[in-house]
Every structure is written in structure tokens, then in C-alpha cells.
Amino acid sequence: MDNAATSFPKAPGVGQAMAHYIEKMGVNVGRGTYEQASEAGLVVLETRQQLKTLFHFPGKVKHVIFTPGATYSLNQILRGYLKPGDHVVVSSLEHNAVMRPLTDLQALGVTFSRIPADREGRTKAEDLLPLLRENTRLVLVNHASNVSGTIFPLEEVARICRERGIPLAVDGAQTAGYLPIDFEKLGLSALSVPGHKGLLGPQGIGAMLLAPEFAKAMEPVTTGGTGSASDSEIQPGYLPDRFESGTMNLPGIFGLHAALDYVLTQGVESGRAHIKQCTRQFLQGVQDLPLRVAGPADPELQVGVVSLDFEGLDNAEVSFALEQQFGIQTRCGLHCAPNAHKTLQTFPQGTVRFSFGHETTPEEVAYALEGIRAILKGR
Ligand code: PMP
């Protein structure tokens, strides 16, 4: 029950696709022009197209950029776009993949404000308004908290940003593949997604989808060989090459391609319905127990992530006992998001996080509840 860290199992066919690339292909793309390289190039192109389809991305496939993951995408967006004197607004529930680059950027004269949230992690979109300044150049928000699962009011915030012409970037780490994300309808400037969570692909591959004007305003954080314009020592200005230096993670892309095939065939809505049901069952099961759900405790308002604070007990010991006595894998602690825990009032003790996946069964949820009850009984 640690799918928020990385989903398991991966989509059917992911391992096979990766093995096929490693055992049967092993070529590079964008360099040699032999047939197998073109074949691999086609898979890369198709994977960009799959991401474009999944997220209703109105731009060209060249604006779908592969990265090593969400952390890299978010660093590229923040460090590549912001300049000294810029102000950014973020949510109160950001992951350190956002907060650490932003804290680094403070030293260069970038400032930030956080939209407040309540003790359940709920944000009111209008609370963004008083934070906006003349120099606010970006709003970047976490679509759903990796601690409490709370879903951010993205549509309303996107409307505010659109009306004021402020670029909006989204950290979709906990929602890509789990909730529908419509890049076009929201009018986003950038979306960052990891391949290994709700997209059910492998680690080490992710993407960022960039609106053309936003991409133009961004400097690459990493430069190097692109297999293109090799007559020049200057980084190419065109996409995707500008942001894709170095040999690509082809085993990762082959795996992601198979995963996206599955996600697109199944449909995000059916996965959402399944995980919502697991979340509902779990929340009902804990409602009368002596513990606090640090979050909305409502499956409509959260993704399949539930944080529990076993008040009066040591959360780390509970998580350990769940594993040792019942084989239930959870993640305890502060989940790389200290300010989210401060907002949820679970700092510094942290929480025990349960997160459900596309193959979590009602029996497994019932078993986890049994484990929790047994531990509480023995306290
Ligand atoms: N943002 C959020 C909300 C996350 O949950 C995570 C992963 N825990 C990240 C960013 C970073 O993703 P990755 O570790 O895959 O780069």
C-alpha cells in the first residue's frame, strides 16, 4: 500500500517491452540512421503522442519533452524559467521537488508565497488573489498531495491565472494517470509528470509538456549532445532537442510506451472509480478508530492516498508493526513534504501513509484494516 511512492504492479507488458529493447535492440535514437534506430525513434515519437493524447495537450509533439522524472521536470521548469526579481505562488502542500529548487532560487532573488490550506489540506482558490503581485511570473501547484491525497482546486485556480495572464504549471506526480488532466481546457503553461506512479511505467522516465510561449521563455538547465546540429557547440534552440541533452532513456521510454497503451485503453476514469472505492472502504473502516485521518476523509476530495496519525502512538512503530506482523507496506514519516505536514498539523510526528493502486483489492483493504485494529487493540 505504497503506490504513492511508486505504483505496483506496473501495467501489463511494461517489463516485456523493456526487455525487448535491451535484449533485441540496444540502439540509440537521433544519432545513427540504420533501420533499428528508426524503429526505436518511432516508439519515442509514439510515446510523445500518447502523452499528448492522455493530457489533451494542444501543442505539437515536439513540446512533449522526456526527462528522467518529475523532480527533473520541476527543476527544469523552475530554474529554467524564473529570473531574479520574480515572484512565484505555490500551494501549501508542495513536495520538496518544488520547495528545494525554490529555496535555492531565493538566493538568486526569487521570492515565493504559499496559498494557505486548512488542516485537511483544502485550499480555497480565491485565497490566491491577495498573493498576486505585479512581479508574479508563475503559479505552480501540486494537483494532489502526496501526504493527504487532497485534490487541489485546479480548475478555479486555472481560471484565475488565465484571466490574469499568469502562467500556471502543475505538478501532476500524484494525479497523472489517476485523475483526468486537460492541458488545453485548463490553459496550462507546463505540466510535469513522472512515468512510474499513476502512468504505471518504470522509474527513471518522466515528461514535461510545455506551452510554446512558455518553452520559449525557458533556458535549458542541462546542455550537451543532442545528436543534432553537431557542427555547433551551442545548444540548439529547437524542441525537443533544446531540453533533451544526452542519450535518452530508451528502456524507460519503451516501458512507458507499453504502460500508456494500457492506461489509454483502460481509461483514467475507470482507474479513478476503482481507487475511489478502495479509498471509501478504507476511510469507512477507520472512521470509528482512535486515530486521526490527516486529510479530507472523503473519497471525492482526495486521490487514493490516506494519511493516518495514530495519536498517542509512535507512527513509525505502527508502520513497522504493520510490516513485521502483517506484511503491509506503508510509508511513514514526513514524505518529502515538511510544509504539507505543518499544514495538516502532523509535523514533526509525521503520519502512516496508505496508498492504493489499480490492482488493490477489497480483500487487501479489509486486511489492512484488520492489521490496524489489531495494533490498536494491543496498544
Ligand atoms: N511531486 C510529488 C507530489 C510527488 O509525490 C513526488 C514523488 N514522491 C515528486 C514530485 C517527485 O517525483 P519523482 O521522485 O518521481 O521525481
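Please read all numbers here as calculations on a predicted model, not as lab measurements.

To continue, consider the packing of helix 3 (residues 70–81) against helix 4 (residues 96–106). Between helix 3 and helix 4, whose axes approach to 9 Å, the crossing angle comes to 30 degrees. Regarding the angle of helix 3 to helix 4, the classification is roughly parallel. You can see that helix 3 and helix 4 cross each other, and the crossing is right-handed. Only Ala97, Val98, Pro101, Leu102, Asp104 and Leu105 of helix 4 make contact with helix 3, whose side of the interface consists of Thr71, Leu74, Asn75, Leu78 and Arg79. When grouped by side-chain class, the residues that make up the contact of helix 3 with helix 4 number seven nonpolar, two polar and two charged.

If you look at the biggest cluster of nonpolar residues, it comprises 82 residues, and the most contacted ones within it are Phe55, Leu102, Val139 and Leu168. If near-sequence neighbours (up to four positions away) are discounted, Phe55 is found in contact with Ala176, Ile181, Asp182, Phe183, Leu191, Val193, Leu199 and Leu209. Formed by 27 residues, the second largest nonpolar core is a distinct cluster that contains Leu283, Ala321, Ala368 and Leu376.

By nearness alone, every residue bordering the ligand is listed as Ala70, Thr71, His95, Ala97, Asn142, Asn146, Asp171, Ala173, Gln174, Pro194, His196 and Lys197. Asp171 is positioned with one of its side-chain polar atoms (N or O) 2.7 Å from a nitrogen atom of the ligand. Gln174 places a side-chain nitrogen or oxygen 2.8 Å from an oxygen atom of the ligand. Protein chains shield 85% of the accessible area of the ligand, which is 390 Å² for the free molecule.

A few words on the sheet that holds strand 7 (residues 206–210). Reading across from one edge, 1-7-6-5-4-2-3 is the order of the seven strands in this open sheet, with mixed pairing throughout. The sheet is open, and its two borders are formed by strand 1 (64–67) and strand 3 (111–115), each paired with just one other strand. Across the sheet, the mean angle from the axis of one strand to that of its neighbour is 20 degrees, orientation sign disregarded. Pairing analysis gives four bridges linking strand 1 to strand 7, with the strands arranged antiparallel. Paired with Val64 across the two strands is Leu209, which belongs to strand 7. Its contacts with the sheet put helix 2 (residues 35–54) on strand 1 and strand 7, and the angle it makes with strand 1 is roughly 115 degrees. Of the strands in this sheet, strand 4 (136–142) and strand 5 (168–171) touch helix 5 (residues 154–164), which is tilted by about 155 degrees from strand 5.

Rules used throughout
Residues numbered from 1 in each chain as written. Predicted model: local features only at pLDDT ≥ 70, side-chain atom pairs only at ≥ 80, totals over all residues. Heavy atoms only, no water. Axes fitted to C-alpha atoms, helices over the stretch in contact; angles between N-to-C directions. Helix = DSSP H or I, 4+ residues; strand = E, 2+ residues; numbered from the N terminus. Parallel < 35°, antiparallel > 145°, perpendicular 65-115°, else oblique. Left-handed = near helix turned anticlockwise from the far one by under 90°. Contact = heavy atoms within 4.5 Å. Nonpolar A, V, L, I, M, F, W, Y, C, P; charged D, E, K, R; others polar. Core = buried A, V, L, I, M, F, W, Y, C linked by side-chain atoms within 4.5 Å. Buried < 20%, exposed > 50% of the residue type's maximum accessible area, 1.4 Å probe, protein only. Near = heavy atom within 4 Å. Polar contact = N/O pair within 3.5 Å; in protein donor to acceptor, adjacent residues only side chain to side chain. Areas by Shrake-Rupley, 256 points an atom, 1.4 Å probe, with all protein chains shown as cover. Pairing = 2+ DSSP bridges.

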